[in-house]
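In case you want the letters, here they are:
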Amino acid sequence: MNKVTTLNQFIIEQQAHVPQATGGFSGLLHHVGIAAKKVNREVNKAGLVDILGRAGVENIQGEDQQKLDVYANETFIGELKASGECCAVASEENQDIIVFDEGLSRDGKYIFCMDPLDGSSNIDVNVSIGTIFSVYRRKSPLGEVAKLDDFLQKGCKQVAAGYVIYGSSTMLVYTAGNGVNGFTLDPSIGEFCLSHPDIKTPEDGTIYSINEGNYEKFPVGVKKYIKYCQETDKKTDRPYTSRYIGSLVADFHRNLLKGGIFIYPETKTHPNGKLRLLYECNPIAFIAEQAGGVASDGERRILELMPESIHQRIPFYVGSKNMMRKITEFLKFFNNI
Ligand code: P6P
């Protein structure tokens, strides 16, 4: 029988390779896994709860029915606090940072950025959604209360980044700077099990992912790239396929495994695009690079961008190396004419 490596076993094994490791990061990641399992449980019965919930304001546990993204937010915050390794959280759901200023957590070495349930508008149509997270070491001294400045760090300073995709199966994919590994939740044992070791994204791909409903508002270089993808190539007939789910984690995860490019560019109405630097673009970019891909804002490497605020939006281009090279050529040539 093949050896099953659980997420916790993997984290401990990885820790053994880091001489100065104290187990703090392992403890934090263990609690992230617990939160993901709790959210998975609720997401998987969203339709059921919704139907039963309509019978009144209570869900099947007799609790006040919560919106799933509020539930996910509170669940991850609760587990991060319980870990004692995290001193503060920046969440898509909260305007300001959440500071743990008491007990063990006050001395936590790490800060955590997250979109607790990205794409949650897709829940009621049963489309895959996800949690996206990013871990940094705090800048402020241990013992002091964490500050906003702890979160204003370039993406290249990330200690770890990952996502959970709640789809046909539930997977946790993460990097700690030493490659990308994917773990699939086995409901029969309630454990995330290593299913996708050392993920490498193909250097090239045939999938382009972008919301073409915004075509008229795109920069010229993006419009020209879309037309380039749609041209019939004599050699390979129809080289490209458009695939867009509208859930970042689902679109990115497919392209990571199969090769492809995801684009959420600036538009006339949204000059900074839609996606957030801290808890969407930076973690996805870290994973993409660790898997051999590329991520930029169209000009600059995502991981080199200095955040100015925790909910800052930026244009986002991420995917296979050769496809990113091609679109960068289009942007350079057509956007500057
Ligand atoms: P649009 C979901 O709301 C999200 O934040 C990402 O998951 C997704 O990639 C994007 O927005 C979709 O945005 O404008 O195409 O619906």
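Look above for the structure.
Residues numbered from 1 in each chain as written. Predicted model: local features only at pLDDT ≥ 70, side-chain atom pairs only at ≥ 80, totals over all residues. Heavy atoms only, no water.

A. Examining the site of the ligand more closely. All residues adjacent to the ligand are Asp118, Gly119, Asn211, Tyr244, Gly246, Ser247, Leu248, Phe262, Tyr264, Lys274, Leu275 and Glu280. A distance of 2.5 Å is found between an oxygen atom of the ligand and a side-chain nitrogen or oxygen belonging to Asp118. Contact distances for the ligand include 2.9 Å between an oxygen atom and a side-chain N or O atom of Asn211. Per-class residue counts for the shell around the ligand are five nonpolar, four polar and three charged. (Near = heavy atom within 4 Å. Polar contact = N/O pair within 3.5 Å; in protein donor to acceptor, adjacent residues only side chain to side chain. Nonpolar A, V, L, I, M, F, W, Y, C, P; charged D, E, K, R; others polar.)

B. Here's a closer look at the sheet that holds strand E13 (residues 316-319). With respect to topology, five strands assemble into an open sheet ordered E10-E9-E11-E13-E12, the strand pairing being mixed. What marks the edges here is a single partner per strand, and that holds for strand E10 (241-242) and strand E12 (294-296). Pairing analysis gives two bridges linking strand E9 (residues 207-209) to strand E11 (residues 261-264), with the strands arranged parallel. Residue pairing across strands places Ser209 opposite Phe262, the latter belonging to E11. Helix H5 (residues 220-230) rests against E9, E11 and E13 of the sheet, and its axis sits at about 150° to E9. Each of E9, E11, E12 and E13 touches helix H8 (residues 321-335); the most contacted strand, E13, lies at about 145° to it. (Pairing = 2+ DSSP bridges. Helix = DSSP H or I, 4+ residues; strand = E, 2+ residues; numbered from the N terminus. Contact = heavy atoms within 4.5 Å. Axes fitted to C-alpha atoms, helices over the stretch in contact; angles between N-to-C directions.)

C. A look at the pairing of E13. Here E13 shows no split at all, with Phe316 and Val318 on one side and Tyr317 and Gly319 on the other all buried. Sheet topology places E12 next to E13; three bridges connect them, and they run antiparallel. The partner of Val294 across the bridge, within E13, is Gly319. (Buried < 20%, exposed > 50% of the residue type's maximum accessible area, 1.4 Å probe, protein only.)

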